[in-house]
Amino acid sequence: MGIRVQCVNYDAIDPAAQARFWAEVLGWRITSEHEKEWVLEPPAGSAEDGIVPDILFLRVPADETKTLKNRLHMDLRPEDQAAEVARIESLGGKKVDIGQDDKASWIVMSDPEGNEFCVLRAFTAEELASF
């Protein structure tokens, strides 16, 4: 089929701040900066460059704050979950409780504007070997 996902869009009251936060979290680059739209792309020349969808942060009015749980969110798979959660907290992310079980293998977090995302456990050696 001749179709692919080009980008994922997030509404943002402050698209510049959101883009900077996510660029730090993901290690991506900001490739476009406009008053109403900031764009993130994977590192140039990386395996993800040109394949993984870009992320756009689109300005919305200040009274359009997020009020409910996201209908779409990112799941991040780090090599070290605890270290990554601590790093994301140092960047302004927060752990949040949306009713997940205490035994969940993932940690729910939110970005500075309250958008939830999950930090998953690392793959085991056996799981990595199966790829």
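Throughout what follows, the structure given in this document is the object of discussion.

**Here's the deal with the overall build of the protein**
Along the backbone of the protein there are three helices and eight strands. Ordered by position in the sequence, the α and β elements of the protein form the string β-α-β-β-β-β-α-β-β-β-α. Scaling as 2.2 N^0.38, a compact globule of 131 residues should have a C-alpha radius of gyration of about 14 Å, and the protein matches this with 16 Å. By its C-alpha atoms, the protein is 45 × 35 × 30 Å across when sized along the principal axes. Here the protein holds 131 residues, and the buried ones make up 29% of them. Contacts in the protein between residues at least 24 apart in sequence constitute 53% of all its contacts with a sequence separation of at least 6. For the protein, the exposed area adds up to about 8400 Å²; of that, 53% sits on carbon and sulfur atoms. Positive and negative charge centroids in the protein, built from 14 and 25 side chains respectively, lie 2 Å apart.

**Notes on helix α2 (residues 81-90)**
The N-capping residue of α2, defined by a side-chain oxygen 3.3 Å from the backbone nitrogen of alanine 82, is aspartate 80. Backbone geometry just after α2 places glycine 92 at a positive phi near 115°.

**Points about the nonpolar core**
Among the nonpolar cores identified, the biggest contains 20 residues, and Trp22, Leu40, Phe57, Ile88 and Phe117 are the most heavily contacted of them. At the level of secondary structure, the elements contributing two or more residues to this core comprise β1 (7-12), α1 (15-26), β3 (37-41), β4 (54-59), α2 and β8 (116-119). With six residues, α1 is the largest single contributor of residues to this core. Once residues lying within four places of it in the same chain are set aside, the contact partners of leucine 40 are Ala19, Trp22, Ala23, Trp28, Arg29, Ile30, Asp54, Ile55 and Phe57.

**What to know about the sheet that holds β8**
The sheet built from four strands is open, its strands ordered β5-β8-β7-β6 with mixed pairing. Among the strands making up the open sheet, the edge pair consists of β5 (75-76) and β6 (94-95). In terms of strand pairing, β6 meets strand β7 (residues 107-110) through two bridges, oriented antiparallel. Within the sheet, the bridge partner assigned to lysine 95 lies in β7 and is methionine 109.

**A word on the pairing of β8**
Side-chain alternation along β8 places Glu116 and Cys118 on one buried face and Phe117 and Val119 on a second face that is also buried. Judged from the two bridges that link them, β5 and β8 form a sheet pairing that is parallel. The residue of β8 that forms the bridge with leucine 76 is valine 119. The sheet contact formed by β7 and β8 spans four bridges and is antiparallel. Looking across to β8, one finds that serine 110 is bridged to glutamate 116. Following β7, the chain reverses through five residues before pairing antiparallel with β8; glycine 114 in that reversal takes a positive phi of roughly 90°.

Basis of the calculations
- Residues numbered from 1 in each chain as written.
- Predicted model: local features only at pLDDT ≥ 70, side-chain atom pairs only at ≥ 80, totals over all residues.
- Heavy atoms only, no water.
- Helix = DSSP H or I, 4+ residues; strand = E, 2+ residues; numbered from the N terminus.
- Rg over C-alpha atoms; globule rule 2.2 N^0.38 Å.
- Buried < 20%, exposed > 50% of the residue type's maximum accessible area, 1.4 Å probe, protein only.
- Contact = heavy atoms within 4.5 Å.
- Areas by Shrake-Rupley, 256 points an atom, 1.4 Å probe, with all protein chains shown as cover.
- Lys, Arg positive; Asp, Glu negative; His and termini not counted.
- Charge placed at Lys NZ, Arg CZ, Asp CG, Glu CD.
- Polar contact = N/O pair within 3.5 Å; in protein donor to acceptor, adjacent residues only side chain to side chain.
- Core = buried A, V, L, I, M, F, W, Y, C linked by side-chain atoms within 4.5 Å.
- Pairing = 2+ DSSP bridges.

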